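Spelled out from the first residue to the last, the chains are:
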Amino acid sequence: MTALIEKETLIGKRVPKLDAPKKVTGAAQYIHDIELPGMLVGKIRRSERVHARIVRIDTTEAKALPGVHAVLTAADTPGVGLGHGKDNPPLKGDKVRCERDEIAAVAAETEDIAEQALKLIRVEYEDLPAVFSPAEALEDGAPIIHEQHPKNIPFTYDYHHGDVAQGEAESDVVIEDNYRLHFVTHCCMGVSGAIAQFDSEGNLTVHSQTQVPFLYKKEIAPVIAVPPEKIRVIQPVIGGAFGSKLDIYPFEPICIFLARATRRPVRVLFTREEEFLASPTRQPVELVLRSGVKSDGTLTFRNCRTLHDNGGYTSWGATTPFVIMQTISSLYRVPHCQYHTTVVYTNNPYSGSFRGFGNLQATFAVESHMDKLAEAVGMDPLAFRMHNAQQPEETTPQGMVFHTCGLSECLSITTEKSGFLAKHDANRETQAAPTRTGSAVKRGIGMASLLHVGGGAKIYRSDGCGTILKVDDHAHVTVITGSTEIGQGSETVIAQLVGEELGLPVSAITVINSDTEITPWDVGVHASRTTFIAGNSARGAARKARDKLLIAAGEKLKVDPETLDLRKGLVVRSDSGESLLELGKLIRSLHFARKAEVVMTSDYYEPPSVMQDSEFKGDVSASYAFGTQVVELEVDTGTGVIRILKVTSAHDVGKVINALSIEGQIEGGVVMGMGYAIAEHLIVKDGRMKNPSFRDYKLVTAPEIPVVDMHFIETNDPEGPVGAKGVGEAPAICTAAAIVNALYNATGVRFCELPLTPEIVLRGLKQCGGHCP
Amino acid sequence: MKCIKQEISFTLNGGAVCVDVPVTTDTLTMLRDRLKLTGTKYGCGEGECGACTILVDGVAVNACLMFAVDCHGRELTTIEGVQTEDGLSTMQRAFVSCGATQCGFCTPGLIMQGTSLLNRSPDISVEQIKRGIEGNLCRCTGYHKVIDAIATALDSNRSAPKEHS
Amino acid sequence: MANVERYEAPESLPELTQILAEGPATMFAGGTDVVPQMRVGARPVRPTLININRLADLRGISESNGVVRIGGLTSVADILDCAFLKQVASVVVQAADCFASGQVRNAATLGGNICNASPAGDMIIPLLVLDAEVELASWRNACVARRRMPLCDFFTGPGKTCIEDAEVLAAVQFPVPKPHTVGRFRKFGTRPALDIAVVSVGLAGVKENGCFKDARVAFGAVAPTPIRGRNTEAALVHVELDGDRISDIAQVAEQEVSPISDVRASAWYRTHLIRELMERMLHEVHQTRD
Ligand SMILES: Cc1cc2nc3c(=O)[nH]c(=O)nc-3n(C[C@H](O)[C@H](O)[C@H](O)COP(=O)(O)OP(=O)(O)OC[C@H]3O[C@@H](n4cnc5c(N)ncnc54)[C@H](O)[C@@H]3O)c2cc1C
Ligand code: FES
Ligand code: FES
């Protein structure tokens, strides 16, 4: 009797990450662990000034130090700018504009020698007046940071739909508030670094932690004067990214310059202090939000103006308005909307992209306002949000099409599971209770929702990803994907999707994803796109392989391929599950046939999204993610300390592919969002970071974490792989907003600034707004 | 700064090691740069992140805070020495199956700290596990799955014989 | 910058003190302060580096003739785990529980914490309120000489103490607290332990019938050194505690500190916290039965 094989699915299973074994044994090779023969240590000399003309750099002594192989300054480089504004030359020759500025670099035999050499470089500066607040940088006569931008404004953004004047006229209540969001930074546990090496023909290999290997080649090529086709990017295992590795920062071209100058492999690695000083930050934003509502609870308009502190140079932080305006225009139905951002150069640190990309800032303001408006019209926070929530198949005035939309479900399940309404009312009763010692602790509950792209974001002409897939003679599958694994678990999800199509366990699948010489093109990891885009592409390639295998099996077995299925490494009859042929055997028979063939397929998935038009309108993502979080907290009104007790979260994930991985994303995101709200604060004073260490920059630690109660709303997105949407960024987005709403519920005091660290909270509660004696 | 070297010998993951190190070098630098054991990670170099956690005479310490010369005569276990003859240790298996590793950079340190908790007292509460890993930073997981993993390993160790560190 | 020309790892006190007598040396115990300080160049390097970790005699907690003795090399983890201390002087154990992380506690020593002389040093505060003395040893006239001094006189500034170059802190000792002694330590922070104290407060005294017969108070991170709160102590003894009195005493505490502002907190906030912590601590001890 032949065995009957049941159909088993890999979708929704708790599949451990494929790379976990090498990570738990210490075998995973990060940039810090790679050793190349003859490799030199590269180190960077940074500016001691925040705004100064460089009068002279003298490297004579440093060059003379035994063991030093190269000392470079701007004079040794092409001087082409990096970044979104192309305003950031890797080594600065004329002037420095912020604390982290790179002015010289050394390659030496050892770390000690390199460090000694840095100290021997003599730099003469001529200080320039500096400016540290965007508002002041806009004033007439303010110091000019970049001569080509005499007003210090590299970019502005304007968006509108409807007519806010009309919206305002229709409103029964109008409110306006100023929000101020602070500097925080990624704090990837693995510090930044790169290794560069040229071969004898001038081909460059870079070991880079970049999240965008293919764009990297194109962007770095003019800066280092090496054509893209001569650049190979190999990505080691990456010790955390969260957006920090989306742009190219000066240390990478500097590493390449050093490798070229010494004709040796060179590695540049940061210390933790350097990581703080020379990594991008989250975009600090000053935001004025004006919103209106009718007495029946219908939103009428939003008018938002923001000031972005761009720091000394332009990286991705300057483009966060793309995402901020989405939330302003389309988180809940807003008939009339106007949005303006002015991006302003200062002598502060500059910002890059960071998980959520402006959305934490925007959601903080919008969801604070939602609570305020609800209260103003006498509705509870839930009913008010429900009333204004979008529904599936809606198109927002900005042109986003919500084919699926689980916002209402997210709202109802989180509030129901947390007992939101009853607690919200009860806490309000005790707001005014006496706060003397003993009863100083008050409880609060608050909610916030989010909208974020969930199917990529078409910010380039293509938002696609390629896959090459081959099945070997023992039915082992190699998936070569353009996408990048940064710890988020994309490899595993890709393996599950491929295994699902080919009826194979994930153990039969190897995912290759880290070498531009091998992998096909992809835009990179950002915009929560990997599961969606790379997943669809891998699935496409797997389907082609499946078709090919079934046709071959049909021919061999002389049956209609339509009646066959692939299960557990076998070709089976799909109706009965009767096992007919071993998959490996089938493939070997193809290899040994007279007209031999290999099973190798490829696929390029391009999502059906479009680039925004000149008014920032258009369906920029193939799918949108929604979520709601309810936060319960305690605040000690005697000390200002907040403890987050519980976060009830619901996310519209389309479809759960891997529960283990998606839970991990949500738990990690919630804790990151909580850190943003109550713990993390990069203190920048007069352009200088005051706390560049984990001792004084507080990440959340294990004893501080809340209970996280997670719910997944499966809306089965028609375009997503098996219905899934991207949710990499979403969980971090609305936590801070829910926290500030909960703090209001506990105390009756509205905070419009972050972070909510104890002293700031206490000052706020004492209503002395920073002017305490 | 110039500094003399000192010859030291100690047991590393069960084998004898003899090296000479500059007397001001820390143990993390010795392990990574000199002995090429790169499983132990540098995250901060100042005791705040726990990525460099190793066991010295069975006790968890930050390798970045320990003078290498102080290893003389002691028994060191690093992440490379945790595996048993049958493969992954209970703690390592639990980290895999519970999804406790994402980017994985914090993982070796957390496994060493988890192993030390497990060796110390098999019966500890979730709150004690949280306190037990207060010196380990993880930016990816939010710690929940890490705590699950350690609790799972403690559970399975209660029913199984004590594991060698 | 000086070079390190010699390394020693003595195993006995006579050996150590003789090496110390030979010239300027840097000692390390757990290394948790010295290693990072050396790495960033925050510590002048001396020609001799001495590893004092191998002096078994300097490790351990004991009691004899009504005096508790804790060796200078005793680790904070050993203090935290010590059942005897928990019973007779729990305030020291409370401080150990608020100290750093598991890994750091395993390495960090009591002597290192005291000699590092940080105004925020957590183990110093409970020892101040227990009226501890430090025992300093050196090589004199061909043998180990010891001198004692009250811990409260030991500190002269941030990172500065009365210890001489040729001395080592051999032990700390304090009288076994009398019956009915209550002791409390509080450190302000958002984490249970891994935090440099923004402020800390210690209190110990004999409490009978709701009233302190004697009391010692100490504050951390509010002055260049850890300090005793003499005015607060005076306000506290022999008074019948109640809500109003507690509030008055907390106000005395607030008035006797003059902290600075830094990245961790403003002077205003630190002062406020002293009052708040003092008040809470007194309410708590007031509510617990004698
Ligand atoms: C991550 C981290 C967290 C920390 N958290 C805290 C905390 O919460 N609370 C706190 O108080 N401290 C904390 N510290 C500081 C540090 O751990 C303590 O000060 C520790 O007790 C120092 O002990 P050690 O043995 O490591 O000293 P070492 O670093 O070896 O020495 C410190 C100093 O004391 C001298 N010294 C050491 N022993 C003796 C002796 N017996 N006689 C004479 N001199 C001696 C040394 O020469 C040196 O000058 C923390 C440190 C780190 C790295
Ligand atoms: S590297 Fe040792 S604790 Fe961070
Ligand atoms: S898994 Fe990335 S830091 Fe912990």
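Residues numbered from 1 in each chain as written. Chains lettered and ligands numbered in written order. Predicted model: local features only at pLDDT ≥ 70, side-chain atom pairs only at ≥ 80, totals over all residues. Heavy atoms only, no water.

Observations concerning the overall build of chain B
Counting its regular elements, chain B contains five helices and five strands. Sequence-ordered secondary structure for chain B, helices as α and strands as β, is β-β-α-β-β-β-α-α-α-α. Relative to the 2.2 N^0.38 estimate, which gives 15 Å for 165 residues, the radius of gyration of chain B is 16 Å and therefore close to what a compact globule would have. Over its C-alpha atoms, taken along the principal directions, chain B stretches across nearly 50 × 30 × 25 Å. Looking at chain B as a whole, 64% of its 165 residues qualify as buried. Sequence-distant contacts, at least 24 apart, represent 54% of the contacts inside chain B between residues at least 6 apart. As displayed, chain B has an accessible area near 5600 Å², and 49% of this comes from carbon and sulfur atoms. Here chain B contributes 15 positively and 18 negatively charged side chains, and the mean placements of these two sets differ by 4 Å. (Helix = DSSP H or I, 4+ residues; strand = E, 2+ residues; numbered from the N terminus. Rg over C-alpha atoms; globule rule 2.2 N^0.38 Å. Buried < 20%, exposed > 50% of the residue type's maximum accessible area, 1.4 Å probe, protein only. Contact = heavy atoms within 4.5 Å. Areas by Shrake-Rupley, 256 points an atom, 1.4 Å probe, with all protein chains shown as cover. Lys, Arg positive; Asp, Glu negative; His and termini not counted. Charge placed at Lys NZ, Arg CZ, Asp CG, Glu CD.)

A closer look at the side chain of C:Asn51
Its location among the elements puts C:Asn51 in strand β3 (residues 48–51). Side-chain polar atoms of C:Asn51 contact the side chain of B:Asp70, separated by 2.8 Å. There is a polar contact of 2.9 Å between the side chain of C:Asn51 and the backbone nitrogen of C:Asn53. Setting aside chain neighbours within four positions, we find C:Asn51 in contact with B:Asp70, C:Tyr7, C:Glu8, C:Ala9, C:Pro10 and C:Phe28. (Polar contact = N/O pair within 3.5 Å; in protein donor to acceptor, adjacent residues only side chain to side chain.)

As for the site of ligand 1
Taken together, 35 residues surround ligand 1, and among them C:Met27, C:Ala29, C:Thr32, C:Asp33 and C:Thr109 come closest. Neighbouring residues of ligand 1 are not confined to a single chain but are spread across chains A, B and C. A distance of 2.7 Å separates an oxygen atom of ligand 1 from a polar atom in the backbone of C:Gly30. C:Thr32 places a polar side-chain atom, nitrogen or oxygen, 2.6 Å from an oxygen atom of ligand 1. Protein chains bury 95% of the 970 Å² of accessible surface belonging to ligand 1 in isolation. Listed by contribution, the elements that provide at least two residues to the shell around ligand 1 are β2 (25–28), α7 (110–116) and β10 (168–175) of chain C. (Near = heavy atom within 4 Å.)

So, the domain arrangement of chain B
Residue and element names in this part refer to chain B. Once the domains are mapped, chain B shows domain 1 (5–81) and domain 2 (90–159). Between domain 1 and domain 2, the C-alpha centre-to-centre distance is 21 Å. With 14 residues of domain 1 at the interface, the matching set in domain 2 holds eleven residues. Of the roughly 1100 Å² buried where domain 1 meets domain 2, counting both sides, 66% is carbon and sulfur surface. Our count for the contact surface shared by domain 1 and domain 2 stands at three residue pairs in polar contact (both at pLDDT 80 or more). (Domains from an automatic or database assignment. Buried area = accessible area lost by both parts, 1.4 Å probe.)

A short note on the interface of chain B and chain C
Contacts between the two partners involve 33 residues from chain B, matched on the other side by 34 residues from chain C. Summed over both sides, the interface between chain B and chain C buries roughly 2500 Å², with carbon and sulfur atoms accounting for 55% of that surface. Our enumeration of links across chain B and chain C arrives at five salt bridges. Two residues, C:Asp97 and B:Arg131, come together in a salt bridge whose shortest N-O distance is 3.4 Å. The tally of links between chain B and chain C comes to 15 residue pairs in polar contact (both at pLDDT 80 or more). Secondary structure elements with two or more residues in the side of chain B that touches chain C: β4 (59–62) and α3 (107–120) of chain B. Counted by class, the side of chain B that touches chain C contains 13 nonpolar, eleven polar and nine charged residues. (Salt bridge = Lys/Arg side-chain N within 4 Å of Asp/Glu carboxyl O. Nonpolar A, V, L, I, M, F, W, Y, C, P; charged D, E, K, R; others polar.)

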